[in-house]
Amino acid sequence: MKRWILAGVFLLFAALLGACEEEQVIETITPTFTGMEINGRDPLTEEGEIDPYFLQKDEVFEVEIFLDNPSNLPINLIRMHGRSFRASRFEEGSTNEHIVLRINAGSIPGDSEHTLNEIEYIDDGVEALNITEDNQYGIRILKDAPQINLQSVTPNENSLNFVLNLADPDDTFIEGHLDLMDGDDVVKSMEITPGSHSFEGLLSDKEYTFKAYGDYELNDDEGVYEDVELFASAPISTLAKDSPAASIENVEASETDVTFDLDFSDPSDVLLEDGLQARIYNDEYEDTMALDLEDLSGLAFSGLLNNNEYTIEILAEYDLKDGEGVRSDVRLGTYTFTTLEREMPGVGTTLTSVSETRLVWSIDTTALNEIAVPSSVSARVFDETSGEKLAQTSLAEDQAVFDVDGFFADREIRLEIWAEYDLDDGEGIRHGKVHEETVRTDRNQKPTGSVNSMDLHQDSIDFSVSLNDPFSTAVADTFVARL
């Protein structure tokens, strides 16, 4: 009995073991291709035609391959259009049913078609799944649009020089124009032609921008792109013109005149014709003089007042061609000076005769009459002691003789010359004394007498006398001899 029990247990164990072995044998299912997308889109139209993808040069596009892989067999390789993409090339996140590839489109413009040929998977070795349906896609690598740029932009005062470059590797450019802009306004324009060019006649010290527009056609089925902005520069300014400059030098002033030299420069040639003048002025006077650029030495103003302060200024009219228009009466330089003070001309007097009671002068008023009113010139004689005016005469002529008699002997006599005169100093006509001198009349002497001889008689005396009265001071019949 025990033996039968052991045999039964053995048979039961064997049956269980056989059942387990049968359960371990699992049949694998071959994966199947269900479709693909390019950049998230079906590569075929509803009619089954290839619908190409438009891509830029070297653009990376995404290929998604979808499989039905119930057994989750590892995918080892994708062979597509002669290229092999191993599992190491699959994008992160790919699975055995959804494989993602990123592929560079290349750089040669044009259309190309690609075919998914084969998928390798692992199932007791490497197996291949051939793909024959819905396995194509197309791409079109687009041509590059033309590019414009400027080099060696050189600003001048009234022009901009530049080199225009046109990059058109795919021969898409048709025509275009380059505009020079002042804000939104087109100032200059030219046809786009590679090479060296210049925009002339511009304003100085002015900000401009370049803009290029062109027509071109790509292989994107959109036809001709018209007047597309291809280039816009940063603002660039023309150079500023230099303003003219002047310096007043070598100033020499007299009583009524001033001379000077002018150092003038106009490096940008902006001065207008007849646009330079000198002006002289003070509170009471003004005069101007047009200046010749060929002769700026020994410039002069005359007819000035003596002992007066004047200012010379140099005024210019010029155009910097900067859009601000003509600048007028621009002060380039100033110089302030004072004319010399005019000295009173001298009066020539010569005392030609002096006696005890008479004085005779020869008077020359030639120099005085240059500033005096001749009819106003007069000579006056005063007793210096008493101040009494003794005589007066007109000196209307340049040469005159003043003969005065009736003085006391040995007296100081003062001669004064009076006149109305103008010193040309702005103070107008003055009336006053212009000359003074003092002389003394001769001194008289007392008469003298002397006894020359004497003879004594008994009852008389005979004598002779000498009388000396050279100045005739003795009163007649007043000589008396006393014993």
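Residues numbered from 1 in each chain as written. Predicted model: local features only at pLDDT ≥ 70, side-chain atom pairs only at ≥ 80, totals over all residues. Heavy atoms only, no water.

## Observations regarding the confidence of the model for the protein
No. 1: Taken as a whole, the protein shows an average pLDDT of 88; of its residues, 88% reach a score of 70 or greater.
No. 2: Here residues 1-17 is a poorly scored stretch, pLDDT under 50, and it has zero contacts once near neighbours within four places are set aside; other chains count.
No. 3: Of the regions scoring below 50 in pLDDT, residues 19-23 engages in zero contacts with residues more than four places distant in sequence or in other chains. (pLDDT = per-residue confidence, 0-100. Contact = heavy atoms within 4.5 Å.)

## Description of the sheet that holds strand β6 (residues 98-104)
No. 1: Pairing is antiparallel in the open sheet, where three strands are placed in the order β1-β3-β6. Two strands lie at the open edges of the sheet, namely β1 (32-38) and β6, each paired on one side alone. Pairs of neighbouring strands in the sheet enclose a mean axial angle of 20°, with direction left out of account.
No. 2: The pairing of β1 with strand β3 (residues 60-68) spans six bridges and is antiparallel. Among the inter-strand pairings, Thr32 is bridged to a residue of β3, identified as Asp68. (Pairing = 2+ DSSP bridges. Helix = DSSP H or I, 4+ residues; strand = E, 2+ residues; numbered from the N terminus. Axes fitted to C-alpha atoms, helices over the stretch in contact; angles between N-to-C directions.)

## A word on a negative patch on the surface
No. 1: Where like charges cluster on the molecular surface, the negative patch consists of Glu175, Glu191, Glu226 and Asp227.
No. 2: Looking at where Asp227 falls in the secondary structure, it is placed in strand β16 (residues 224-232).
No. 3: Given the relative accessible area of 44%, Asp227 is considered partly exposed. (Patch = residues over 30% accessible without salt bridge, like charges linked within 9 Å, V, L, I, M, F, W, Y side chains within 5 Å. Areas by Shrake-Rupley, 256 points an atom, 1.4 Å probe, with all protein chains shown as cover. Salt bridge = Lys/Arg side-chain N within 4 Å of Asp/Glu carboxyl O. Lys, Arg positive; Asp, Glu negative; His and termini not counted. Charge placed at Lys NZ, Arg CZ, Asp CG, Glu CD. Buried < 20%, exposed > 50% of the residue type's maximum accessible area, 1.4 Å probe, protein only.)

## As for the nonpolar core
No. 1: Phe61, Val63, Ile65, Ile78, Leu101, Ile119 and Tyr137 are the most contacted members of the largest nonpolar core, which totals 27 residues.
No. 2: For this core, the secondary structure elements donating two or more residues are β1, β2 (53-55), β3, β4 (75-80), β6, β7 (110-122) and β9 (136-141).
No. 3: Considering each element in turn, this core owes the most residues, four residues, to β3.
No. 4: The residues touching Ile78, leaving out its near neighbours within four places in the chain, are Ile65, Arg83, Ser84, Phe85, Phe90, Ile99, Leu101, Leu116, Glu118 and Ile119. (Core = buried A, V, L, I, M, F, W, Y, C linked by side-chain atoms within 4.5 Å.)

## A look at the sheet that holds strand β19 (residues 258-265)
No. 1: Strand order in this open sheet of three strands is β18-β19-β22, and the pairing throughout is antiparallel. The sheet is open, and its two edges are formed by β18 (245-253) and β22 (299-301), each paired on a single side. Going from strand to strand, the sheet's axes swing by 30° on average, the running direction of each strand aside.
No. 2: Relative to β19, β18 runs antiparallel, the two sharing seven bridges. Bridging across to β19, Ala246 finds its partner in Phe264.

## Things to note about the side chain of Arg380
No. 1: One can find Arg380 in strand β27 (residues 378-383).
No. 2: Although Arg380 lies buried, it forms no salt bridge, and the closest oppositely charged side chain, Glu416, sits 5.5 Å away as judged by the N-O distance.
No. 3: Those residues in contact with Arg380, other than ones at most four positions away along the chain, are Lys389, Ala391, Gln392, Phe402, Arg414, Leu415, Glu416, Trp418 and His431.

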